[in-house]
Amino acid sequence: MMSVMSSNTTYIRPLTIEDAVDVLSTSAAAVIAAGCTDLFPLTSAPRMTGQVLDVTGIKDMRGITDNGDMRRFGGATTWTDIIRADLPPAYDMLKLAAREIGSIQIQNAGTIAGNLCNASPAADSIPCLLALDASVELTSASGLRQLPLSDFIVGPRKTLRQADEIMTAVLVPKSSETGVSSFRKLGTRKYLIISIVMAAARIEVKDNRITHAALSLGSCSPVAVRLDKVEADLIGMDIHNATIPASHYVEETDIEATINPIDDVRGTASYRITAAKTLLCEAIDNCLNQVRSGG
Amino acid sequence: MSDQEQFTLTVNGTKANVSRPAGMRLSEVLREELHLTGTKIGCNAGDCGACTVLVDGEPVCSCLMTLAKADGCHIETVESLANGSKLSLLQQAFSRHGAAQCGICTPGMLMAAAPLIRANKAPSRAEVEDALGGVLCRCTGYAKIIDAVMDAAMEKPAMPMPVRHGAVGARVERLDGIPKLNGDEVFGADYWPENALYLRVLRSPYHSAQFTIGDVAAWVAKHDLISHVFLASDIDGENQFGVIPPMADQPALAVDAARFKGEAVAIIVGQSQDVAAMDISDFPIEWTELPAIMDVDVALADGTTLIHAHRENNILISGIVKHGDIDKGFGAADHIAEMSFSTSYVEHAYIEPEAGVAWMDGDTVVIQACTQAPIMDRDDTAKVLGLPVEKIRIIPSATGGGFGAKLDVSVQPLLGLVALKTGQPCRIVYSRNESMMSTTKRHPGVMQARIAADKKGHITAMEFQGDFNTGAYASWGPTVASRVPIHASGPYKTPNYLAKARAIHTNGPPSGAFRGFGVPQSTIIQEALYDELAEKCGIDRLAFRRLNALKNNDITICNQTLPAVGIDDCLAALEPFWQKHQQQIADFNAKNSRKKRGIGVSSCWYGCGNTALPNPSTIRLGITADGQVVLHQGAADIGQGSNTVIPQICADALGLPLAHISIIGGDTAITPDCGKTSASRQTFITGKAAMLAGQALRRQILRLSNLGDDAIIEMAEGSIHVSHGDKQHEIALSEMAANPYGYVLMAEETYNPPTEELDAFGQGKPYALYGFGAHAAVVEVDMHLGTVKVLHISAAHDLGKVVNPLLAEGQIDGGIAQGLGMALMEEYIPGRTENLHDYLIPSIGDMPEIEYHLIEVPDPEGPMGVKGLGEHVLIPTAPAILNAITNATGGARLYQTPAVPHRVLAAIQANNNVNEAAE
Ligand SMILES: Cc1cc2nc3c(=O)[nH]c(=O)nc-3n(C[C@H](O)[C@H](O)[C@H](O)COP(=O)(O)OP(=O)(O)OC[C@H]3O[C@@H](n4cnc5c(N)ncnc54)[C@H](O)[C@@H]3O)c2cc1C
Ligand code: FES
Ligand code: FES
């Protein structure tokens, strides 16, 4: 473990989770640093000050492993790692989202836990991970706990992470790795863009009928949400039915009922509802087209 | 315990041991420790990509990586690309294609492209865009960058250096290009003496506030890192600067009140760069926030607080042009169209934040910083410091984009003050946030206009009224107020005309110069009304413009007649594009309901040089005893290319091959004044001075050799060989005495464009010449999301004479990118979008395909016929795009820019409602 200290600045880069949680157990004021793509922009100073715990040296926190009934994404796994990984189609949406996070430079540094712990309403991975029923693994000196992602994020930039906890992994149940998936993001320019609205969809089809749908919207509301009612409405639908495409059966009112839309410079509340519907329909249609074309 | 440990990096193949804090940004380590200043800092936040380096082969933003994480890694920076003096294929392609303008983004672009090129010798356009999507460029519009990366696989010959008399018109690669490509270029932040003090500026956190400052000495004593603090009370000269001296009103350091958020209040001077990381929240200052006036209507309302006590109703100045009789014109009209339109603050967003360094040379204050106007910097700084101008020397560093905002001083008086007071060298680098908060913007405009036409489509009258939010200080507000009425008609024959513009103070950031001085704003409303009138008259929109386009010797709204009007040539050049795309659009729209395409067109004209005011340039051209031809090229090259085109003009006038001319830049101690780089004046005015100097030197040489006018001049070591047919003459330079400037032969010529004062109604001769242009744009609108993609732009510009097509195309691309940004995404909101994360400029994926038409209608006043181009390239883009959106959507019109998706969708919905109601 490398540890460098001065009166007000400590920078520690441990190699194991045990060492890392030890640091937090003694100095809970420490800031966890991963890709620093959210942290560094907060300051124009030439360096990080204060107490910093850099988790990128911890091997067990990087990479994607198969744990039997769970797939485990180490918290410090980067977007590039995810893009390059061999994963089932249920993860296509997560890969699409990863490819749209900032730029290649940002994807090479930014991490999955960083995105979740930063908990921006515009965090692109969150709708995808919600649609994968992901949970998060939080580790502290006193042990380890798992929380569904939907519980973990409680508000804009607010999570249930305790100051002494590290998000060591994101876990996806194998049972949710089914079906095909898609992701749509809307912004005002092509690259380096924070979403105005994004939608993620994962759909399972058996014998031409939708058997399961996991749909989520981000950036519309303070916290990304799953759309239970629309998901339920889709079940049983025949994918060769004449009322396809999705815009025929997804209602703006269902979306409005679920989200409490943000109204800001990037989009008015009513715009967000309309755009959310459009993107969601596109994501659903994308999934169904994959199935239809035998994908 | 020390907070630093030893780290070992392999940088460009060499092991480097670095002992700096573990949490230091890698970019800082590279620049400050290893002096690899090729890696640039544009934002320190991942938003611009200028700092891109390869870490173990992968591109990362070095500003976001800590030193600790780079330990043990292989780092590659831009300095690794060239092999000694031989540029890599990628760098050569950048040079060949003119892909580097100012050059500040270039290292990031090159490093982002390098891994792509390694893996893929023939990348597609889409692959290039994906690879370079993380690097922003504000100059080039990306087109040439994409071309270069796609053309980097093979060794290809460089553009040939032109032969004698062949420089003007040649596609010459930038003469100052190599340092921009290999990382050697010295921008404002790239040079500092080892022991330089480091400046940090304390700024107002409020739009409007009063403050009192407490015991500064005690605060300094408490902080080891801080050596000095300077306040307004330390200023010995006049604490007031401004680009238009009679209007100067901005304090270098605020005295007891701040009029905008970001106004400088105190300079905190530290021994090291650590001052930038220091917590200064305990600085002894007490603020009393005051209600802020942010909009012009509030500023104008009765009883509103005056931002400057002597400026009634918060009006800085108004401008007017009155021509003919508008009542008569509107009375005779068959059709009238009327509209209101408002535009946003627009930020220049050059990738280089202001930076510089200063030191004392005897009793002279020397300031090296990025700038567009070295002499104006000198004069304003001298005034603030209370020194005669001879005691200030400005050495312009390379400037990483300016677009108007680097005309006003920024760092210069602050650096000068500290160097003067401490006697020590000092440096400053603005943060992105500081740059955006404290420097000027494009004026937001609130405009109303109506235009009338007769049955046949001839314009009979136009009336325009615009209020421009000039922010807290005057800056270039007066220029906007005068230029807008002179240009708001567009290059169209308008027999009856009344236009008024006012610059209004608010507590927003000072609005200043930004490519076009208000004309891009007023052109939007004028060109929108032209579309409406064309429709009312039942005339094709392009034909309607051609019908009204000014012709040679027509009378302008200023009662001026122009001898070389190229607007109809420009519009004519767009015809094939216009016809082809209208057909394709009709086909596309018949098949698609969700996406709709449309086309729009707009013209522009723009007077080159200062409005009815003298603005001379002086060029010195000398030959040394050993036969070097030295051109003192004082026009600040902020990427637009003066360092290349001015020598091109000069070389042809002198009659030497371009390769023989070397240049010296705008150091105020050794180069005469070439004025400011603004108002599209440099190629015209400095170019003309260069032509005159070249001709004068040629005459001297011919006189010495007694040979005829078309003799051939050849330079040799220590001599000039002159020949005419079989007659020969040798001038032995080495035997001649050098003048005080060190030249044995020298010419110095000044050119000041002939203008005439305008009368009370703006009638006269505001400019010696105008340039003309027109753009047509094809857009695709997503009718469900309101998103707009610009697919194609055809750009026609009358340059009088094209000095360098490669560079002219680059200007067009860059102007289009900025115009596109202004139309679709750029909206600076004081206090909210002070970074490149929230303030969006076009990325590489947002640019259309561009076709160019370089038109030459030579103007007798310009050197070899030359007209200006720098601002023309931006003016027609936004109006053409906005008109195309209306065309695509079947009539949805925006009355506000930028046309962000939610506004476009609202306009589509409003238009649908109107159409439904009409049915
Ligand atoms: C230019 C730019 C563009 C961007 N574009 C996008 C985008 O398009 N979409 C998007 O969603 N995001 C975007 N981001 C945000 C950012 O890149 C992502 O959120 C990224 O995933 C953050 O990861 P990181 O490792 O860099 O986080 P860091 O900056 O290192 O940390 C972020 C936060 O999470 C905490 N943290 C990090 N790791 C852990 C851990 N293991 N356990 C507990 N706490 C932890 C940190 O303490 C901090 O509060 C962008 C950022 C930049 C600079
Ligand atoms: S300086 Fe690093 S991304 Fe702008
Ligand atoms: S050349 Fe790209 S920013 Fe100037």
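In this text, all values refer to a predicted model and were calculated from it rather than measured experimentally.

Caption draft 1: Spatial organisation of the overall build of chain A. A count of helices and strands for chain A gives 10 helices and 15 strands. The C-alpha radius of gyration of chain A comes to 20 Å, within 12% of the 19 Å expected for a compact globule of 295 residues. Over its C-alpha atoms, taken along the principal directions, chain A stretches across nearly 70 × 45 × 30 Å. Summarising the internal contacts of chain A: among those between residues at least 6 apart in sequence, 65% fall at separations of at least 24.

Caption draft 2: Just the overall build of chain B, in detail. Helices and strands together make up the secondary structure of chain B, namely 22 helices and 33 strands. Over its C-alpha trace chain B gives a radius of gyration of 28 Å, about what one expects of a compact globule, namely 29 Å for 919 residues. Taking the principal axes of its C-alpha atoms as reference, chain B extends roughly 80 × 80 × 60 Å. Looking at chain B as a whole, 62% of its 919 residues qualify as buried. A separation threshold of at least 6 residues defines the contact pool for chain B, and within that pool the share at least 24 residues apart is 78%.

Caption draft 3: Focus on the interface of chain B and chain A. Taken together, the contact between chain B and chain A spans 51 residues of the former and 41 residues of the latter. Breaking the side of chain B that touches chain A down by element, the ones donating at least two residues are β1 (4–11), β4 (58–61), α2 (67–70) and α22 (901–918) of chain B. Of the residues belonging to the side of chain B that touches chain A, the class tally is 24 nonpolar, 18 polar and nine charged.

Caption draft 4: A look at the domain arrangement of chain A. When cut into domains, chain A gives domain 1 (2–54), domain 2 (59–176) and domain 3 (184–292). Each of domain 1 of chain A and domain 3 of chain A was reduced to a C-alpha centroid, and the two centroids are 38 Å apart.

Caption draft 5: View of the sheet that holds strand β9 (residues 257–258) of chain B. Residues and elements named next belong to chain B. What the three strands build is an open sheet, ordered β9-β7-β11; its pairing is antiparallel. Strand pairing shows two members of the sheet lacking a second neighbour, β9 and β11 (285–289), which therefore form its edges. Sheet analysis places strand β7 (residues 209–213) next to β11, joined by five bridges and oriented antiparallel. In the sheet register, I213 faces β11, and the bridge partner there is I285.

Caption draft 6: Representation of the site of ligand 1 in the model. Around ligand 1, 34 residues are found, and the nearest of them are G35, G102, G110 and G114 of chain A together with G46 of chain B. In this structure ligand 1 sits where residues from chains A and B come together. Elements with a contribution of two residues or more to the shell around ligand 1: β3 (31–33), α4 (104–109), α5 (112–118) and β11 (166–173) of chain A. Top contributing element to the shell around ligand 1 by residue count: α5 of chain A, with five residues. Grouping the amino acids of the shell around ligand 1 by side-chain chemistry returns 19 nonpolar, 10 polar and five charged.

Caption draft 7: Representation of unusual backbone geometry. Note that the residue after T897 of chain B, namely P898 of chain B, is joined by a cis bond; omega there is 0°. Within the fold, P898 of chain B resides in the loop between α21 (877–888) and α22. You will see that L192 of chain A, though not glycine, has its phi angle at about 50°, which is positive. One can find L192 of chain A in the loop between β12 (180–186) and β13 (197–206). Since 27 C-beta atoms lie within 10 Å of it, L192 of chain A is described here as buried.

Caption draft 8: Quick peek at the pairing of strand β4 (residues 51–54) of chain A. For strand β2 (residues 10–13) of chain A and β4 of chain A, the ladder comprises three bridges, and the chain directions are parallel. Considered in β4 of chain A, the bridge of I12 of chain A is made with L53 of chain A.

Caption draft 9: Geometry of the environment of L806 of chain B. Residues and elements named next belong to chain B. If you trace the backbone, L806 turns up in helix α20 (residues 805–824). Classification of L806 by C-beta neighbours within 10 Å gives partly exposed; the count is 19. Taking the C-alpha atoms as reference, L806 lies 43 Å from A277; in sequence the two are 529 residues apart. Setting aside anything within four residues of it in sequence, one finds L806 in contact with G98, R171 and V172.

Caption draft 10: Region of the structure containing helix α16 (residues 541–548) of chain B. The buried fraction of α16 of chain B amounts to six of the eight residues, a majority that puts the element mostly inside the structure. Contacts from the buried residues of α16 of chain B go to β21 (459–471), α15 (519–537), α17 (567–591) and β23 (595–607) of chain B.

Caption draft 11: Broad picture of the nonpolar core. In this structure, L415, V418, C650, I881 and I885 of chain B are the most contacted members of the largest nonpolar core, which totals 410 residues. Considering each element in turn, this core owes the most residues, 11 residues, to helix α10 (residues 269–292) of chain A.

Caption draft 12: Inspection of the confidence of the model for chain B at higher detail. With 100% of its residues at a pLDDT of 70 or more, chain B shows a mean pLDDT of 97. Under the prediction, the complex receives an ipTM of 0.96, its pTM being 0.98.

Caption draft 13: Main features of the pairing of strand β3 (residues 52–55) of chain B. Residues and elements named next belong to chain B. As defined by bridge partners, β3 adjoins β4 across four bridges and the pair is classed as antiparallel. When the sheet's bridge partners are listed, T52 is paired in β4 with C61. Here β3 folds back onto β4, and the loop between the two strands holds two residues, one of which, D56, carries a positive phi near 50°. Relative to strand β5 (residues 74–76), β3 runs antiparallel, the two being bridged by two bridges.

Caption draft 14: Representation of the sheet that holds strand β31 (residues 770–782) of chain B in the model. Residues and elements named next belong to chain B. As summarised here, the arrangement of the four strands in space is β23-β31-β32-β33, forming an open sheet in which the pairing is mixed. What marks the edges here is a single partner per strand, and that holds for β23 and β33 (849–855). Strand-to-strand twist of the sheet, defined as the mean angle between neighbouring strand axes without regard to direction, takes the value 15°. Note that β31 and strand β32 (residues 788–798) share 10 bridges and pair antiparallel. Along β32, the bridge assignment pairs A776 with S794. Against the sheet, α17 touches β23, β31, β32 and β33, its axis set at about 170° to β23. Of the strands in this sheet, β23, β31 and β32 are in contact with α21, which crosses β23 at around 150°.

Caption draft 15: Summary view of the packing of helix α4 (residues 106–119) of chain B against helix α5 (residues 125–132) of chain B. Residue and element names in this part refer to chain B. Between α4 and α5, whose axes approach to 9 Å, the crossing angle comes to 125°. Of the possible angle classes, the one that applies to α4 and α5 is oblique. Regarding α4 and α5, the two cross each other, and that crossing is right-handed. Contact residues: α4 offers M109, A112, A113 and L116, while α5 offers E127, V128, A131 and L132.

Caption draft 16: Region of interest: the domain arrangement of chain B. Residues and elements named next belong to chain B. Here chain B is partitioned into domain 1 (4–80), domain 2 (89–182), domain 3 (197–292 + 351–438), domain 4 (520–607 + 768–918) and domain 5 (617–751). Placing a centre on the C-alpha atoms of domain 2 and another on those of domain 3 gives a separation of 36 Å. Listed as interface residues are seven residues of domain 2 and, on the opposing side, six residues of domain 3. Grouping the amino acids of the side of domain 2 that touches domain 3 by side-chain chemistry returns five nonpolar, one polar and one charged.

Caption draft 17: Just the environment of A373 of chain B, in detail. Residues and elements named next belong to chain B. Tracing the sequence through the fold places A373 in the loop between β16 (364–369) and α11 (374–385). Residues A373 and G634, 261 residues apart in the sequence, show an inter-C-alpha distance of 9.3 Å. Discounting residues that sit within four places of it in the chain, A373 has contacts with L407, A636, K676 and T677.

About the cut-offs
- Residues numbered from 1 in each chain as written.
- Chains lettered and ligands numbered in written order.
- Predicted model: local features only at pLDDT ≥ 70, side-chain atom pairs only at ≥ 80, totals over all residues.
- Helix = DSSP H or I, 4+ residues; strand = E, 2+ residues; numbered from the N terminus.
- Rg over C-alpha atoms; globule rule 2.2 N^0.38 Å.
- Contact = placed C-beta atoms within 7 Å.
- Buried ≥ 20, exposed ≤ 12 C-beta atoms within 10 Å, placed from the backbone.
- Nonpolar A, V, L, I, M, F, W, Y, C, P; charged D, E, K, R; others polar.
- Domains from an automatic or database assignment.
- Pairing = 2+ DSSP bridges.
- Near = placed C-beta within 6 Å.
- Core = buried A, V, L, I, M, F, W, Y, C linked by C-beta atoms within 7 Å.
- pLDDT = per-residue confidence, 0-100.
- Axes fitted to C-alpha atoms, helices over the stretch in contact; angles between N-to-C directions.
- Parallel < 35°, antiparallel > 145°, perpendicular 65-115°, else oblique.
- Left-handed = near helix turned anticlockwise from the far one by under 90°.

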